[in-house]
Amino acid sequence: MTDDVRDEAEANEAQIAVYWREEQIFQPPQSFVAQANMRDPGIRERFDEAHFPDCFREYADMLTWSRPYEQVLDTSHAPFWKWFVGGKLNACENCVDRHLANYRNKAALIFVSEVEDEPPVALTYQELYVRVNEMAALLRDYCGLKAGDRVTLHLPMTLDLPITMLACARLGVIHSQVFGGFSGKSCGQRIQDSGSRYLITCDAYWRSGQLIDHKEKADIAVAQARELGQAVDKVLIWQRYPGKYSSPTALVAGRDVIVNEVLKRYRGERVAPVAMDAEAPLFLMYSSGTTGKPKGCQHRTGGYLAYVAGTSKYVQDIHPEDTYWCMADIGWITGHSYIVYGPLALAATSVVYEGTPTYPDVRRPWRVAERLGVNIFHTSPTAVRALRRAGPDIPATCAQHFKHMTTVGEPIEPNAWRWYFDQIGKGEAVICDTWWQTENGGFLCSTLPALDAMKPGSAGPALPGIYPVIYDDDGKALPRGSNIAGNLCIRNPWPGIIQTIWGDDQRFVDTYFKRYCKNPKSTDWRDWPYMSGDGAMEAADGYFRILGRIDDVINVSGHRLGTKEIESAAMTVPGVAEAAVVAVADEVKGKVPEVYVSLAAGSKADPAAIVDAVNAACEDIIGKIARPARVHVVPDMPKTRSGKIMRRVLAAISNHRDVGDVTTLANASVVDDIRRQVQG
Ligand code: WTA
């Protein structure tokens, strides 16, 4: 950890020490408890350390296996754990085929268009089965794809996305879905890293009242991938309105193919699900890390699916009768685990909403919930804060009724939590504040909704089978329940953890295990704690309060952005010599990036033009979510004598905090100049 990062963590800790107080706890409503999937307090003992790793059979047993596994956990190649060794299964079969007997004509997915005049479209399990089979036939016979190949998807929130994912899973093809809001260049980089020869995208989709041209990003993505050395053979394009091409961007002859046209050739085709090894990769999900290059988080088939099924059942409390709506995007891990794989493994009805939650007005989510009879609702603190700001008294007057609500992705302030509970949940719904990460596959900390009291602002205790530990910077484990902030780690492997970083085993070991590994030669899992990269503290009652990232990652609206990625984007602007990105507290989004740039000596560039160019570069290279809140063109960066940019000083200025002692800097006088410029 670099010095300036450590200083950040200390600042957080000090702040928390001042503001922290024990919150009033809330008991789950009796009406919820009476129907909950998991009401047996014995679960904690069943999953305690004495029963590890066999406890996870309980999750694996929720799945249908083509061949039973022989061993629950193999640690012989630590920390490359193997789960449910020897077992074979197919993820698509588990999410679709096996439900036909009981739920053939029950809705599996309900699509809600952003355009309110377009009625929702329900896809039954039978219809999902038909569509997935036809798409699998196309992928196999038209594209020639087979188990182990990678395919990049760059799709928005329509039914085409889960259909494509499940069709890949049916064949054992590894899907890599890139968040639709990411730029073409981001997509191209991920195509190259994963070695995909096919890109599956769409022509257009609705967002905030506009039919956005998405196809133009495909052309940029293919060019970017080619520049990096990866050729794309075909671009498969789903039409938002089948039969009508809705993009102004021309098709490229010989390369671009309209999926729904070609699908006609495969009408009625059936493709047997390929029984995959439990350890076969199911998908890649790229996530930001501390260097500029995103990490391809590689998830396994058996362990991942078992873990998301188990946590969907016990934490999300999903029953087949429920209508479940997670407002996240399937392009993030939350959507993979808790819109597609977890809910469908349990035969739930899962809602896919295309657009902005508050379009055309802030009552929209509650109209959707009422119309579809949604009873489980899942969203982020950013959405909660935005809805509160837009109309604090509105949800209570609307017709939604939830039994269960989830929050995920960032810490939720206790007062925002109470508003969520009172106004959106009307005091009828239990809340689960779920802490986890792309690398984790599924929830790690959360209350078990019928068994544990809720504490606003705390993610709750570790889930069954998860044994956390908080280390200080010297590698000493803090006493349990000490309320002291440190680095949150998980002592044990669990089935949802990634297998590795795609193509980079060393980075996997270095990022998550190197710092606290007790013996790099050991094959005992006890020597390999997983480092989450989050700061946290554990209260006396065993509840964890998550304090945020300790590394160079900014959490904007619950989405991870690497500061290095943004800095690299800013550095592409001609004339920019140095760039530094800091996280600034924001009332709605939690954190937003501010960019500082200094210009090459003698540069005559107009600062206003530089600001525009930096904004454009961030949007173009990463995506709109990376657009800086502000860009400051400064005369010089505050630097240590060894020449390191002191981001901590810039962060203090942007956040109107005390910059602390800067007398040891190489150029201390520049700090006042920058402060005057930024704060006025
Ligand atoms: C943060 C999203 C506080 C955390 C599932 C983590 C949270 C990062 C919570 C992972 C929570 C996630 N409370 N912070 N309940 N959930 N985080 O990979 O900093 O997109 O490391 O996965 O989000 O973000 P990712």
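Right, let's walk through the structure included here. (Residues numbered from 1 in each chain as written. Predicted model: local features only at pLDDT ≥ 70, side-chain atom pairs only at ≥ 80, totals over all residues. Heavy atoms only, no water.)

1. Notes on the environment of Glu-116
Then, in step 1: Summarising the element assignment, Glu-116 is placed in the loop between β4 (107-112) and β5 (121-124).
Then, in step 2: Accessibility expressed as a relative area gives 34% for Glu-116, which makes it partly exposed.
Then, in step 3: Sequence separation between Glu-116 and Val-368 is 252 residues; the distance between their C-alpha atoms is 9.5 Å.
Then, in step 4: Those residues in contact with Glu-116 that lie beyond four places of it in its chain are Pro-360, Arg-364 and Arg-367. (Helix = DSSP H or I, 4+ residues; strand = E, 2+ residues; numbered from the N terminus. Buried < 20%, exposed > 50% of the residue type's maximum accessible area, 1.4 Å probe, protein only. Contact = heavy atoms within 4.5 Å.)

2. Some remarks on the side chain of His-378
Then, in step 1: As for its placement among the helices and strands, His-378 is situated in strand β18 (residues 376-379).
Then, in step 2: In this structure His-378 touches Gln-316, Tyr-324, Trp-325, Cys-326, Met-327, Thr-334, Tyr-338, Thr-406, Val-408 and Phe-443, once residues within four positions along its chain are discounted.

3. Comments concerning helix α17 (residues 505-512)
Then, in step 1: What α17 keeps buried is the set Arg-507, Phe-508, Val-509 and Tyr-512.
Then, in step 2: Looking at the buried positions of α17, the neighbouring elements they touch are β15 (295-300), β23 (500-501) and β24 (530-538).

4. Quick look at the pairing of strand β19 (residues 404-408)
Then, in step 1: Counting buried positions along β19 yields five of five residues, so the element is predominantly enclosed.
Then, in step 2: Side chains of β19 alternate between two faces, with His-404, Thr-406 and Val-408 and Met-405 and Thr-407 buried alike.
Then, in step 3: Both β18 and β19 contribute to a ladder of four bridges, which runs parallel. Across the sheet, residue Phe-377 finds its bridge partner in β19, namely Met-405.
Then, in step 4: Taking the sense of rotation as the criterion, the β-α-β connection linking β18, helix α15 (residues 381-390) and β19 turns out right-handed.
Then, in step 5: Sheet topology note: the β19/strand β20 (residues 430-434) ladder contains five bridges and is parallel. Residue Met-405 lies in a different strand from β20, and its bridge partner there is Ile-431.
Then, in step 6: Where the polypeptide runs from β19 across helix α16 (residues 414-424) and back to β20, its parallel neighbour, the crossover connection is right-handed. (Pairing = 2+ DSSP bridges. Right-handed = clockwise from strand over helix to strand, strands pointing away.)

5. Topic: the sheet that holds strand β21 (residues 468-471)
Backbone-to-backbone hydrogen bonds pair the strands of a sheet. The strands run either parallel or antiparallel.
Then, in step 1: Taking strand neighbours across the sheet as the criterion, the four strands line up as β21-β22-β24-β25 in an open arrangement whose pairing is antiparallel. Pairing within the sheet leaves two strands with one partner each, and these edge strands are β21 and β25 (544-549). The sheet shows a mean angle of 45° between the axes of neighbouring strands, taken without regard to direction.
Then, in step 2: For strand β22 (residues 486-490) and β24, the ladder comprises four bridges, and the chain directions are antiparallel. When the bridges of β24 are listed, Cys-489 appears paired with Met-531. (Axes fitted to C-alpha atoms, helices over the stretch in contact; angles between N-to-C directions.)

6. Some thoughts on the packing of α15 against α16
Any two packed helices are characterised by how steeply their axes cross, that is the angle between the axes, and by the distance between the axes.
Then, in step 1: Packing of α15 against α16 leaves a shortest axis separation of 10 Å and a crossing angle of 70°. In terms of orientation, α15 lies roughly perpendicular with respect to α16. For α15 against α16, the interelement crossing comes out left-handed. Residues Val-384, Arg-385, Leu-387 and Arg-388 of α15 form the contact with α16, whose own contacting residues are Asn-415, Ala-416, Trp-419, Tyr-420 and Ile-424.
Then, in step 2: Of the residues that constitute the contact of α15 with α16, the class distribution is six nonpolar, one polar and two charged. (Parallel < 35°, antiparallel > 145°, perpendicular 65-115°, else oblique. Left-handed = near helix turned anticlockwise from the far one by under 90°. Nonpolar A, V, L, I, M, F, W, Y, C, P; charged D, E, K, R; others polar.)

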